[in-house]
Amino acid sequence: MMRHITDHHLTISTIKTSTWTCTSVSENCFNLYFIVMSGNFRIDFCNVRGLRKFFFSVYAHICFHRPDVFALCETQVSGDSDPQDFHIPGYHLLSLFIFHRGLIMYIRDNVVYQHQQHLDCNDAEFNSLWVKFKIRSHILHFGFLYRSPNAEREHTYNGFDALSESITRILE
């Protein structure tokens, strides 16, 4: 089932299946997506377009909605930045800071997870963070990706090759 609502400044789209729901909320330039999986495990993700600029909004979203995971791309934080500058109480922080790109994941303290660093990709134009979650008796592999819109075709192909290799490793 798909539902779509639009007004002047806000667009909300929802897709629902028997096992998960994905909702997209766009307000002005801030796009936010939610995935709620069975058992109420919630992953929110957003192209933040500058974590320093929107850190208060990120902090407020986490405090108000308390997602299990909040993944952000295009953090635009330089690699020599201290991740503790972006710490939020009650959440672990995984980061891949790259100027003009970058990924970050906030994971609630009570969520059982393992960062799968051997699956991560840190190519010039294609980045990924991989995490394995244990949700009750289920295992969820979650890969969060960013591909630069200015990436050359070769970098895109290399990124998708790396993504394919990561998925193959998970399935072995």
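Remember, predicted model here, so these are calculated numbers, not experimental data. Residue numbers run consecutively from 1 along every chain, following the written order of its sequence. Only residues with pLDDT of 70 or above have their local features reported here, since the model is predicted, and side-chain atom pairs are shown and tallied only from 80 upward, although totals for entire chains, interfaces and linings are computed over all residues. Only heavy atoms go into the side-chain values, all of them from the structure, while hydrogens and water stay out.

Engineer: Got a minute to help me understand the packing of aromatic side chains in this structure?
Structural biologist: Any two aromatic rings considered together are summarised by their centre-to-centre distance and by the angle between their planes. Pairs were defined over the aromatic rings of Phe, Tyr and Trp, the Trp ring being its six-membered one, requiring ring centres within 6.5 Å. Orientation was assigned from the angle between planes: stacked under 30 degrees, edge-to-face over 60, tilted for the rest. Using the criterion set out here, one finds 7 aromatic pairs in the structure. When the ring of Phe 45 is compared with that of Phe 144, the centres are 6.5 Å apart and the planes differ by 65°; the resulting orientation is edge-to-face. Of the two residues, Phe 45 sits in strand S5 (residues 41-47) while Phe 144 sits in strand S12 (residues 138-147), which places them 99 residues apart along the sequence. The cut-offs for exposure are 20% and 50% of the maximum accessible area for each residue type, with area from a 1.4 Å probe on protein chains only; residues under the lower value are buried, those over the upper are exposed, and the others partly exposed. Residue classification places Phe 45 among the partly exposed residues on the basis of a relative accessible area of 21%. Under the relative-accessibility criterion, Phe 144 is labelled buried at 7%. Between the aromatic rings of Phe 133 and Phe 142, the centroid separation amounts to 6.5 Å while the plane-to-plane angle is 50°, which identifies the pairing as tilted. Accessibility classification places Phe 133 together with Phe 142 in one group, the buried group. The structure contains a cluster of three or more aromatic residues connected by ring pairs, namely Phe 41, Phe 45, Phe 133, Phe 142 and Phe 144. Per the convention used, a helix needs a DSSP run of H or I reaching at least four residues, while a strand needs a run of E reaching at least two, with both numbered from the N terminus.

Engineer: Help me understand the nonpolar core in this model?
Structural biologist: Working definition of a nonpolar core: buried Ala, Val, Leu, Ile, Met, Phe, Trp, Tyr and Cys residues. They are joined through side-chain atoms within 4.5 Å. With 19 residues, the main nonpolar core has Phe 41, Leu 103, Met 105, Ile 107, Phe 133, Phe 142 and Phe 144 as its most contacted residues. The set of elements that each furnish at least two residues to this core consists of S5, strand S6 (69-73), strand S7 (91-96), strand S8 (103-108), strand S11 (126-135) and S12. Listed in part, the 15 residues of the second largest apolar core include Ile 62, Phe 86, Ile 88 and Tyr 106.

Engineer: What am I meant to see in the state of the cysteines here?
Structural biologist: A disulfide bridge is the covalent bond that connects two cysteines by way of their sulfur atoms. A pair of cysteine sulfur atoms is labelled a disulfide when the two atoms are within 2.5 Å. A complete count under the given rule lists 0 disulfides for this structure. For the unlinked cysteine Cys 46, the closest cysteine sulfur is that of Cys 73, found at 7.3 Å. Residue Cys 46 is classed as buried on the basis of its relative accessible area, which comes to 1%.

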